[in-house]
Structures are given as structure tokens and as C-alpha cells.
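# Summary of the model geometry
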Amino acid sequence: RPPPPTDAEIFSPEPRVMPMAGVLQPLGLKERMPAGLPGPDAKDRESAEALKMKDAGKPKAQGDPVPALIALLKDKAPQARARAADELARLGPRAAPAVKALSAALSDPVAGVRASAALALGNAGPAADGAVKRLIHALSDRSFDVQSSAALALGRIGTPKADRAFRRHIRDSSRKLIKKQAR
């Protein structure tokens with residue numbers, strides 16, 4: 001079994017293919033990520049921290065990455081789609097323009113993309129209220145990661161509609177657990 005790829009291999013500018021769990025998955029996402037987003041290596045984190053410290057804690061204007069991240073949600077590579085959703089989650093409420101695309105990503109064939117999209121919707125806050133119905137549907141996803149991400153998202157959105165759905169989910173989950181324990 002080959003060792004897992006390093007960050008440098010994953011984010012290298014040369015696209016490559018690596019066998020993983022019997023599936024060929026492309027590597028080399030760096031060239032498709034919008035400029036100005038910190039990468040996983042220490043040098044990028046340090047430069048991101050320096051940007052945050054400059055201008056009294058405000059990051060230096062790099063342009064709006066949201067449109068490029070929305071486009072990446074439709075990329076062929078599942079890693080690119082998941083990374084785009086993760087980056088939108090990091091933007092929090094600034095990712096509000098991506099709510100429609102993130103809501104559509106809840107139907108992605110890859111569970112990791114669906115889970116990341118759900119978390120990004122939750123971090124978008126009240127702007128994601130329109131996605132509550134899709135998040136409720138995600139609560140019954142076949143992937144536990146997607147289910148838990150959708151529940152967390154409903155709890156974070158903070159609107160009355162999302163709060164009702166979150167409380168109903170917790171109540172129903174508790175009842176199922178109690179019935180299961182009683183057997």
C-alpha cells in the first residue's frame with residue numbers, strides 16, 4: 001500500500017493521478033483554487049497570518065474568492081469540489097452568495113462533498129435559510145457524516161425555520177435511540 005500523499009504532492013501545480021481505495025483520483029488542486037486563500041503548508045499559514053495582522057487585523061483585499069469557489073463546486077474532481085465547499089465554510093457569512101450552489105452540492109454523488117456543503121451552509125448563517133428544506137432531506141442521507149453535518153448546519157443557521165427543524169431532528173433522534181435501547 002503506498003504512503004499517503006504529502007501536502008506538497010496534493011497541492012502541486014502538476015496534475016497527477018493517484019490510486020486511492022481502488023479509484024483513480026486526480027491530484028494537483030492548487031492551480032484551480034482562487035488566489036489569496038491560504039494552503040495547508042506552514043508557509044501559506046504564516047503569510048495568511050501576516051495578512052490578517054496588517055491593516056489593524058483586516059486581511060489585505062485579494063478580490064472576492066466566492067465566484068471562483070462557486071465555479072469549483074462544479075469541478076470534475078471531487079477533491080476540488082470538497083475543498084471549494086471547505087473554503088466557503090471558512091468564509092462564513094461572506095459565503096452567502098454561494099448558498100444556492102452549496103444547496104445544489106447537497107446532491108453531489110460524493111459524501112465528503114455533501115458533508116462539506118452542509119457545513120458551509122451552516123457557517124453562512126441566516127443567509128442559508130432557503131437551504132433548510134435540502135438540509136432536512138440531508139438528515140436522512142446514507143452517510144452519517146452528511147447527516148451530522150446537516151444537523152450541525154441546521155443548528156448554526158439561526159433562523160426560526162432552521163431552529164424548528166433542528167429541534168425536531170434532536171427530538172426524533174432521541175426517541176429512536178430510546179426505543180433502540182429499550183429492545
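This section reports on the structure supplied with the text.

Conventions we followed
Residues numbered from 1 in each chain as written. Predicted model: local features only at pLDDT ≥ 70, side-chain atom pairs only at ≥ 80, totals over all residues. Heavy atoms only, no water. Core = buried A, V, L, I, M, F, W, Y, C linked by side-chain atoms within 4.5 Å. Buried < 20%, exposed > 50% of the residue type's maximum accessible area, 1.4 Å probe, protein only. Helix = DSSP H or I, 4+ residues; strand = E, 2+ residues; numbered from the N terminus. Contact = heavy atoms within 4.5 Å. Axes fitted to C-alpha atoms, helices over the stretch in contact; angles between N-to-C directions. Parallel < 35°, antiparallel > 145°, perpendicular 65-115°, else oblique. Left-handed = near helix turned anticlockwise from the far one by under 90°. Nonpolar A, V, L, I, M, F, W, Y, C, P; charged D, E, K, R; others polar. Patch = residues over 30% accessible without salt bridge, like charges linked within 9 Å, V, L, I, M, F, W, Y side chains within 5 Å. Areas by Shrake-Rupley, 256 points an atom, 1.4 Å probe, with all protein chains shown as cover. Salt bridge = Lys/Arg side-chain N within 4 Å of Asp/Glu carboxyl O. Lys, Arg positive; Asp, Glu negative; His and termini not counted. Charge placed at Lys NZ, Arg CZ, Asp CG, Glu CD. Expected span 1.5 Å × (residues − 1).

This part covers the nonpolar core. By size, the foremost hydrophobic cluster in this structure holds 38 residues, and its most contacted members are Leu73, Leu88, Leu102, Leu121, Leu135 and Leu154. Residue assignment for this core shows that the elements contributing at least two residues are helix H3 (66-72), helix H4 (78-91), helix H5 (99-105), helix H6 (111-124), helix H7 (132-138), helix H8 (144-157) and helix H9 (160-182). Setting aside anything within four residues of it in sequence, one finds Leu135 in contact with Leu106, Ala118, Leu121, Ala150, Ala153, Leu154 and Ile157.

This part is about the packing of H4 against H6. Closest axis-to-axis distance for the H4/H6 pair is 8 Å, and the angle between their directions is 15°. Classified by the angle their axes make, H4 and H6 are roughly parallel. Where H4 crosses over H6, the two elements pack in a sense that is left-handed. The residues of H6 that touch H4, namely those facing Pro78, Arg81, Ala82, Ala85, Asp86, Leu88 and Ala89, are Gly112, Val113, Ser116, Ala117, Leu119, Ala120 and Asn123. Its residues assigned to classes, the contact of H4 with H6 shows 9 nonpolar, 3 polar and 2 charged.

Below, the discussion takes up the environment of Leu135. Within the secondary structure layout, Leu135 lies in helix H7. C-alpha of Leu135 to C-alpha of Leu154: the two residues are 19 residues apart in sequence and 7.1 Å apart in space.

A grouping of Lys133, Lys161, Arg164, Arg167 and Arg168 is seen on the molecular surface, where their side chains present a positively charged patch. The element best represented in the positive patch is H9, accounting for 4 residues. Note on placement: Lys161 falls in helix H9. Residue classification places Lys161 among the partly exposed residues on the basis of a relative accessible area of 37%.

Okay, the environment of Gln147 next. You can see Gln147 is positioned in helix H8. Taking relative accessible area as the criterion, Gln147 reaches 24% and is therefore assigned partly exposed. Once the C-alpha coordinates of Gln147 and Ala111 are considered, the two residues, 36 residues apart in sequence, prove to be 10.0 Å apart. Ignoring anything within four residues of it in the chain, the contact list for Gln147 reads Ala138, Leu139, Ser140, Asp141 and Arg142.

Here we come to the side chain of Asp108. Relative to the helices and strands, Asp108 resides in the loop between H5 and H6. With residues up to four places along the chain from it excluded, the contact list for Asp108 reads Arg81, Val113 and Arg114.

With 14 residues, H6 should reach 20 Å at 1.5 Å per residue; the first-to-last C-alpha distance of 20 Å fits that figure. Those residues of H6 that fall on the buried side of the exposure criterion are Val113, Arg114, Ala115, Ser116, Ala117, Ala118, Ala120, Leu121, Gly122 and Ala124. On its buried face, H6 is in contact with H4, H5, H7 and H8. Two residues or fewer past H6, Gly125 is found with a positive phi of approximately 75°.

On their own, these measurements won't tell you what the molecule is for.
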